[in-house]
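Spelled out from the first residue to the last, the chains are:
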Amino acid sequence: FQEATDDYLHQQGSPHLRSIETAVDESLPHLAAFTDGSCPNNRTVSATNPAGWGYAFHISNEDIWTDAYGGVFTDPNNPQYGGAEVGSNNTGELQALIELFDHLIRAPPRIPILVRTDSQYCMDILQGISHPTTHVHLVTLLTSDWEVLK
């Protein structure tokens, strides 16, 4: 099912999946990764507003997937705190990429990586188009990890 969904979205040129690195030859083996963040109540963001993140990846010619997901924690005393000050869709999107990048830094693949996200906010940050003044700690972590992986 996942492969069929990926193929369909790729064939349709879905605007909802954006590639961070487009120089990967998708006909060759590569690690295909997908990230997303979520927030059920994104209109009233606060430190107590719930938000979450997730990622999944696989080697392009294999059906074995690796995934992870979790909450966006805003309490600095929580061991899973990543630096978010509020729970929002943007903090979920940032945290998803940070978690994926951290995983890939700890266990670097020996093949090219293709990352897809539906977050224009994160894409603009990674491409240097945007320099947000909010979520500074998360943005700093994201860009630092990105520099290591590039």
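The structure displayed is predicted, hence computed values, not measured ones.

A.B. asks: Explain the overall build of the chain here, please?
C.D. replies: Check the secondary structure of the chain and you find 4 helices and 5 strands. Put simply, the chain runs from its N terminus to its C terminus through helices and strands in the order α-β-β-β-β-α-β-α-α. With 150 residues in all, the chain has 39% of them scored as buried. Long-range contacts, defined as pairs at least 24 residues apart, comprise 66% of the intrachain contacts of the chain with a sequence gap of at least 6.

A.B. asks: Explain the pairing of strand S2 (residues 31–38) here, please?
C.D. replies: Regular strands place side chains that alternate from one sheet face to the opposite one. For S2, the tally of buried residues reaches 6 of 8 residues, placing the bulk of the element in the interior. Pairing between S2 and strand S3 (residues 52–59): 8 bridges, direction antiparallel. Within the sheet, the bridge partner assigned to Ala33 lies in S3 and is Phe57. Here S2 pairs with strand S5 (residues 113–117) via 5 bridges, running parallel. From the neighbouring strand, Leu31 faces S5, where its bridge partner is Ile113.

A.B. asks: What exactly am I supposed to notice about the environment of Asn90 here?
C.D. replies: As for its placement among the helices and strands, Asn90 is situated in helix H2 (residues 89–106). Take Asn90: its relative accessible area is 28%, and that puts it in the partly exposed class. Sequence-wise, Asn90 and Tyr121 are 31 residues apart; in three dimensions their C-alpha atoms are separated by 7.3 Å. Setting aside anything within four residues of it in sequence, one finds Asn90 in contact with Tyr121 and His135.

A.B. asks: Explain H2 here, please?
C.D. replies: Given 3.6 residues to a turn, an α-helix orients residues that are three or four positions apart in the same direction. For H2, with 18 residues, the first-to-last C-alpha span of 26 Å sits near the 26 Å given by 1.5 Å per residue. Along H2, the residues classified as buried are Thr91, Gly92, Glu93, Leu94, Gln95, Ala96, Leu97, Ile98, Leu100, Phe101 and Leu104.

A.B. asks: What is the right way to look at the packing of aromatic side chains in this model?
C.D. replies: Each aromatic ring pair is described using two quantities: the centre-to-centre distance and the angle formed by the ring planes. Counted according to the given criterion, the structure contains 4 aromatic pairs. For the ring pair Phe34 and Trp65, a centre distance of 6.0 Å and an interplane angle of 35° mean the geometry is tilted. In this pair, Phe34 is assigned in strand S2 and Trp65 in strand S4 (residues 65–71), connecting sequence segments 31 residues apart. Between Trp53 and Tyr55, the aromatic rings sit 6.1 Å apart at their centres with planes inclined by 20°, giving stacked as the arrangement. Tyr55 sits in the buried class, given a relative accessible area of 9%.

A.B. asks: Sorry, what's going on with the pattern of salt bridges here?
C.D. replies: Pairing is possible between side chains that carry opposite charge, provided their charged atoms lie close to one another. One pass over the full model with this rule turns up 2 salt bridges. The partner of Glu26 in a salt bridge is Arg116, with the nearest N and O atoms 3.0 Å apart. Taken together, the residues span a long stretch of sequence, with Glu26 in the loop between strand S1 (18–19) and S2 and Arg116 in strand S5 at a distance of 90 residues. Overall, Arg116 belongs to the buried group, its relative accessible area being 13%.

A.B. asks: Explanation requested: unusual backbone geometry in the structure shown.
C.D. replies: A negative phi angle is the norm for most residues apart from glycine, just as the trans form is the norm for most peptide bonds. At His135, a position not held by glycine, the phi torsion is positive, near 55°. On the secondary structure map, His135 appears in the loop between helix H3 (120–126) and helix H4 (136–149). Owing to a relative accessible area of 19%, His135 belongs among the buried residues under this scheme.

Conventions we followed
- Residues numbered from 1 in each chain as written.
- Predicted model: local features only at pLDDT ≥ 70, side-chain atom pairs only at ≥ 80, totals over all residues.
- Heavy atoms only, no water.
- Helix = DSSP H or I, 4+ residues; strand = E, 2+ residues; numbered from the N terminus.
- Buried < 20%, exposed > 50% of the residue type's maximum accessible area, 1.4 Å probe, protein only.
- Contact = heavy atoms within 4.5 Å.
- Pairing = 2+ DSSP bridges.
- Expected span 1.5 Å × (residues − 1).
- Phe/Tyr/Trp six-rings, centres within 6.5 Å; stacked < 30°, edge-to-face > 60°.
- Salt bridge = Lys/Arg side-chain N within 4 Å of Asp/Glu carboxyl O.

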